[in-house]
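Observations on chain architecture
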Amino acid sequence: FRKSSDPMVRCSFHGAVLGFYSAIMTGHAQTGGGQAGGGPPPSGGGPPPGGAPPGMGGGGTGTLVATEPHFAVNAEKQCNAATTGPVTITGYIYCDNYFEFWFNGALVAKDPMTFTPHNAVEVSFEWDGVSDKEYAIMCMDYASTSGYEYTETDAPQLGDGVLIAEFSDGTVTSSAWSVFVVTSGPTTASIEAGCSATNLGACVVETVEEPAGWVDRGFAVDESWSSATEYTADVAGWGRTPSWNSSASCCGTATSPMTQGPLPLNGGCSVNYAPDSPDGLAVAVVQSECLDPTVVLSELRSTMIWSSDLERDNRVLFRLTVPADTVSSSVECPVCDAAVKAAGSQRERKEVRTLSADEWKKVVEAMWIMKTTSQADGVAAYGASFRTYDYFVVKHAVAERDLRGDQAHGGPMFMTWHTAFTLEFENALLSVDPSILALPYWDASIVEPSVFTEDYFGSCPGTGPGSEVVDGAFKNWPITSNFTLDIYTTATGEAIVSPFAGSQVGMLRGATSTRTETVVMRFGSDAYTFASNDFWKCSNLDGYWNDWYGCAEGGIVGGLSLVNAVIHGGAHQGIGGKSGSDSSDFEDPTTSPNDPIFFFHHANVDRSAFHWMANNADKRATYYGYPAEDVTGAGQNAGKSFYGQSLLDTMSDAWPFTAQDLGFSDSTEAQTNADILCRVAPPTAVYTYDSLVACAAGDGSACKATWEAAEPTTTPASTTVVAESSTTVVSTTSDIENTTVAGSDQATASSASDIGAAALGLVVLLHRS
């Protein structure tokens, strides 16, 4: 057993813990409502039998989480929005085994489950926007009068408590919290007198009175409080995480702290143990109080804390005061002055196969005009918004080859840059033929009719020499030879400074390409598809800007593997593919817009981000949590920080987008990431999507993801740990309450560090096109 590093003089226990537990077994406060249910996604194809074909990209590694995750805390430093009134703060709290939570002196929530399963609870409360924020949490790990649990078995054992919490204002648990121990045991003196698992009668638990008014606003901690000790899940464990049975409104299977077996009442469904009701007492639980803590909380964002004695300190008080003027970053959120579009005024982007033959023909013909008309002739014929097709290929290449770091991929600017890029392309397309109305998108989850036909994008792989695409609406789509950057300038007429000079053989391809084919090549497979439900998982994710990006590009968010495949890179790899070491045109990260399918695919990626922004409209004031400072990249930009990544940075300033390019105004002012999030958000953009319109008109179920019910999982504590805030080596025994209940089928969850390593390994391989 460990000794506390700060021993306290405690009075005898005298049944205080059991008395307290008896008082909290019934009558719990209910806070928050049930989470929004996910309806079935729109009809569409799933992955091909046997999984995705080789080379088609993948999503998260390891077992996918089965329950919908929620991220209350932004892992990035977002801008600070002006507070003009009361603010609603949400969060998630997990305590092994039971907690009560106060904010600014008011009781907010009580944990409905007093022992097992080990559930997290969603909380919501109001801050006045002016006063300091004072968090107070009482956390209790079950212990009998001996300090042991499972005392009616052959192997009584000391449990271990832990607290981890995250709140949407950025407050998280860490050693910054103050801690006060109320009950502890067995005492060192009783252990020395013979107390053990086989001699419980000699054990003594001691208690001290709670500090008067410790939950009240204005309470000041004194020297009797200490700094919280930080632990890891490898040490404290996540316990036996719950599953929610919606038909029975049941939170997992409750077990007895005395016998370790399931409580008999209701089959252990939403019941608590009580000393005078050993079969259990029924308790009302809603889904938001029965959350898997490993899904809504993460050691990548917050820290598990307790007192310095993880096993023997049983009832612990925690406090943290956050000054009202505490900010996430030094960046103030700019005011978005974009007007909200009137209902029905936005042009509507539609799935390509829903267009009539005549509508599709107009799109194809306009793109051919862009491909075969010079810039000067195009502007003369179609106006200032006209761009040649190659203009977009080159602009993409200049951003990707920037010497500071890729300006268009590998970080939060991926979507803002590509949103602007796709919008500029759409404006050019409509300048040729305004009757087109909007750029179509290609939804890869729909497999019939195939788009890899004569009517649409041609064969995949290409059926011509060198896998050239010689059929379809864009057959023999030419790749420019004898490329030179000199003919291109910025919108203000300045020369473009870039190392991009075309391929090794003078083609408009990436720098390493040696291919001499003069038309588009594809090496991939027409069997590529993307599961519709994975699309909607990312599009409905309750989180922040980089959380959506992590889902769409790597399939992993906060260490959790969410989807089987990735929305963006999978198509580049699956359709474009490689031939040996040679990239196809769609797979070439520098010049992937060479393949016309690029713009229809990226409109669909934009559709996911558009739905995500609509589902996270409450974050608009902080620009959806887009990183405002201290930004580092991912993938090819891993560990890099450079201009262009942050919220207020101009996007790819070597060849920026201007307000005129994007149709915002006649100004040549270069646009920032913030400008795009302001002016191309669902309420302010000049366009919208057919799916968003349809779901807004209906019940929305067609635009929701489905999540499988999670089986209870177990993460046992390890046997040895060095506490992060101490040099004392702590030896522990495995917590029996974390073991599998007889007759249940439970899996062992990976540690957060393992999952994080897997995420890092995957993100390094992210596709950049």
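All chains use their own residue numbering, which begins from 1 and follows the written sequence. The predicted nature of this model means local features are confined to residues of pLDDT at least 70 and side-chain atom pairs, given and counted, to a pLDDT of 80 or more, with totals for whole chains, interfaces and linings taken over all residues. Side-chain descriptors were evaluated using all non-hydrogen atoms of the structure, hydrogens and water having been removed beforehand.

Quick word on the overall build of the chain
Secondary structure elements follow DSSP: runs of H or I no shorter than four residues count as helices, runs of E no shorter than two count as strands, and numbering proceeds from the N terminus. Looking only at helices and strands, the chain features 15 helices and 28 strands. Evaluated residue by residue, the chain yields a buried proportion of 59% over its 769 residues. What sets the accessible areas is the Shrake-Rupley method with a 1.4 Å probe; for residues, cover comes only from the shown protein chains. Total accessible area computed for the chain in this model is approximately 28,100 Å², and 52% of it derives from carbon and sulfur atoms. Burial classes: relative accessible area under 20% of the type maximum marks a residue as buried, over 50% as exposed, and values in between as partly exposed (1.4 Å probe, protein chains only).

Here we look at the packing of helix α9 (residues 532-539) against helix α12 (residues 597-615)
Throughout, an axis means a line fitted to C-alpha atoms (over the contacting stretch in the case of helices), and angles, computed between N-to-C directions, take values from 0 to 180 degrees. Put simply, α9 and α12 touch, their axes get as near as 8 Å, and they point 45° apart. Between α9 and α12, the angle falls in the class oblique. On α12, the residues touching F535, W536, C538 and S539 of α9 are N604, R607, S608, H611, W612 and N615. If an angle is under 35 degrees, it is roughly parallel; if it is over 145, roughly antiparallel; if it lies from 65 to 115, roughly perpendicular; otherwise it is oblique. Contact between two residues is taken to exist if any of their heavy atoms lie within 4.5 Å; hydrogens are not considered.

Considering the state of the cysteines
Here, a disulfide means two cysteine sulfur atoms that sit within 2.5 Å of each other. Summed over the entire model, instances satisfying the criterion amount to 8 disulfides. Note on cysteine connectivity: C95 is disulfide-linked to C139, with sulfurs 1.5 Å apart. When the S-S torsion is 125°, as for the bridge of C95 with C139, the disulfide is right-handed. With C95 in strand β2 (residues 87-96) and C139 in strand β6 (residues 133-140), this pair connects stretches of sequence that are 44 residues apart.

So, the nonpolar core
Residues W360 and W442 are the most contacted members of the largest nonpolar core, which totals 113 residues. Here the element with the most residues in this core is helix α8 (residues 413-432); it accounts for 12 residues. Working definition of a nonpolar core: buried Ala, Val, Leu, Ile, Met, Phe, Trp, Tyr and Cys residues. They are joined through side-chain atoms within 4.5 Å. Of all hydrophobic cores here, the second largest spans 43 residues; its members include F103, Y135, F318 and L320.

Describing the environment of T255
The topology assignment puts T255 in the loop between β14 (250-251) and β15 (271-274). Residue T255 is classed as buried on the basis of its relative accessible area of 3%. Distance in space between the C-alpha atoms of T255 and G280 is 9.0 Å, their sequence separation being 25 residues.

Focus on empty space enclosed by the protein
To find leftover empty space, a probe the size of one water molecule is rolled over the atoms. Definitions used throughout: a 1 Å grid over protein atoms alone; a cavity as a set of points that fits a 1.4 Å probe which cannot get out; a pocket as an open set with protein on both sides within 12 Å along at least five of seven lines; a lining residue as one with an atom within 4 Å of a point. Grid points are joined across faces, edges and corners, and a volume is the space filled by probe spheres set on the points. Using the criterion set out here, one finds 5 cavities of 30 Å³ or more in the structure. When its volume is computed, the largest cavity comes out at roughly 80 Å³. Along the walls of the largest cavity sit W442, D443, A444, S445, Y528, F530, F535, I567, A571, H601, N604 and V605, which together make up its complete lining. Side-chain classes follow a simple rule in which Ala, Val, Leu, Ile, Met, Phe, Trp, Tyr, Cys and Pro form the nonpolar group, Asp, Glu, Lys and Arg form the charged group, and the remainder, Gly included, forms the polar group. Residues of the lining of the largest cavity, tallied by class, amount to 8 nonpolar, 3 polar and 1 charged. Counted as a void, the second largest cavity has a volume near 50 Å³. Lining the second largest cavity are M415, T416, T419, W545, D606, A609, M613, I676, L677 and V680. Within the residue set of the lining of the second largest cavity, elements represented by two or more residues are α8, α12 and α13 (673-679). Among the residues making up the lining of the second largest cavity, the classes are represented as 7 nonpolar, 2 polar and 1 charged.

Quick notes on the environment of C139
For C139, a relative accessible area of 0% gives the class buried. In this structure the C-alpha to C-alpha distance between C139 and V162, which are 23 residues apart in sequence, comes to 8.0 Å. With residues near it in sequence (within four places) discarded, C139 still touches C95, Y98, F99, V162, L163, W306, N314, R315, V316 and F318.

Quick notes on unusual backbone geometry
For the bond running from T116 to P117, omega is 0°, close enough to zero to count as cis. Tracing the sequence through the fold places P117 in the loop between β4 (106-110) and β5 (120-127). Residue G185 is joined to P186 through a cis peptide bond whose omega torsion reads 0°. Positioned with a positive phi, S270 is a non-glycine residue whose angle comes to about 50°. Its location among the elements puts S270 in the loop between β14 and β15. Under the relative-accessibility criterion, S270 is labelled buried at 4%.

With respect to the packing of aromatic side chains
Only Phe, Tyr and Trp rings are paired, with Trp represented by its six-membered ring, and only when their centres lie within 6.5 Å; those with planes under 30 degrees apart are stacked, over 60 edge-to-face, the remainder tilted. For the coordinates displayed, the defined rule picks out 57 aromatic pairs. Aromatic side chains W545 and Y626 sit 6.0 Å apart centroid to centroid with 45° between the ring planes, which places their arrangement in the tilted category. Remark: Y626 occurs in the loop between α12 and α13 and W545 occurs in helix α10 (residues 545-553); sequence separation between them is 81 residues. As far as the burial class goes, W545 and Y626 line up, both buried. The ring of Y687 is capped by R349, whose NZ or CZ atom sits 3.6 Å from the centre of that ring. Only Lys NZ and Arg CZ are tested; either one counts as a charge over a ring when it is within 6 Å of the ring centre and within 35 degrees of the ring normal. Between R387 and the ring centre of Y391, over which it is positioned, the NZ or CZ distance is 5.4 Å.

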